[in-house]
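Listed below are the residues making up each chain.
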Amino acid sequence: MNIGTAFSSVVDVNKDMLHPIFTKDPSEWVRLVNNQVRVRTEDDCDHIGYVYTVDPVSESIVLVTDLSKIDSNKIAMKLLMGPSVRSIEIISEGNKEICQCFDNLFRPAVAEKLSPEALTARMQRLKLWLEKHRLPVSISGSDGQSLTIADALTICPPYTEHSCLSTNEIILARIQELIRTIPTDMDGNV
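The structure presented is a predicted model; accordingly, all values stated were derived computationally and were not measured. (Residues numbered from 1 in each chain as written. Predicted model: local features only at pLDDT ≥ 70, side-chain atom pairs only at ≥ 80, totals over all residues. Heavy atoms only, no water.)

Trainee: How would you sum up the sheet that holds strand β8 (residues 153-155)? Please name residues and give values.
Mentor: Read across the open sheet, the four strands follow the order β6-β7-β8-β9; overall the sheet is antiparallel. Only two strands of the sheet have a single partner each, and these edge strands are β6 (137-140) and β9 (164-165). As paired elements, β8 and β9 share two bridges and run antiparallel to each other. When the bridges of β9 are listed, T154 appears paired with L165. Its contacts with the sheet put helix α5 (residues 116-132) on β6, β7 (146-149) and β8, and the angle it makes with β6 is roughly 150°. Packing against the sheet, helix α6 (residues 169-180) makes contact with β7, β8 and β9, and its axis sits at approximately 35° to β8. (Pairing = 2+ DSSP bridges. Helix = DSSP H or I, 4+ residues; strand = E, 2+ residues; numbered from the N terminus. Contact = heavy atoms within 4.5 Å. Axes fitted to C-alpha atoms, helices over the stretch in contact; angles between N-to-C directions.)

This is how it looks when you write it as structure tokens:
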């Protein structure tokens, strides 16, 4: 037996033992995303919904089964584990609305657009609020649009609890809580 023959028979044997991640084309999984599908599982149940995502390693599928409640943030999803999936059939192609809906599903809402004057007023209001709580706040950034607290935390426009940056989780949580409790009727006379 020569080495070439021995090597090819080892490869043939190992090909059957390879995980599907190495043998299945990823484009097959990508093709399912955003489409309405019917998934039949080994218990002979049909699950119909739109594919949100697929895990190519476990071959599990996440289906959004009820799009009627998607605007109220109360969506129905199913996780179908890969080993239980027997067949997948595309019922209809996803449209732009489905794609956009899925793109925004687990992302925070886009911040409102504020005028430069409104942003400056919000920054000054927040700065006064933080100073009232005896925090060493300064205006920073190359454009003077950020607030910095003791070089430990930066607050960027639009100056909400979600626009805080810090590597210290304790400081981050406490400042976010302060921002959440800022009074709405606060003026320059803190």
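Trainee: Before we move on, could you go through the pattern of salt bridges and cite the residues and values that matter?
Mentor: Inspection of the entire model under this criterion finds six salt bridges. With a shortest N-O distance of 2.7 Å, D46 and R40 are connected by a salt bridge. Residues E177 and R180 are paired through a salt bridge, measuring 2.9 Å at the closest nitrogen-oxygen approach. Here R180 and E177 lie together in helix α6, a separation of three residues that amounts to about one turn. In this structure R180 comes out as partly exposed when scored by relative accessible area, which is 43%. Shared partners join several salt bridges into a network, and the residues in it are E161, E177 and R180. (Salt bridge = Lys/Arg side-chain N within 4 Å of Asp/Glu carboxyl O. Buried < 20%, exposed > 50% of the residue type's maximum accessible area, 1.4 Å probe, protein only.)

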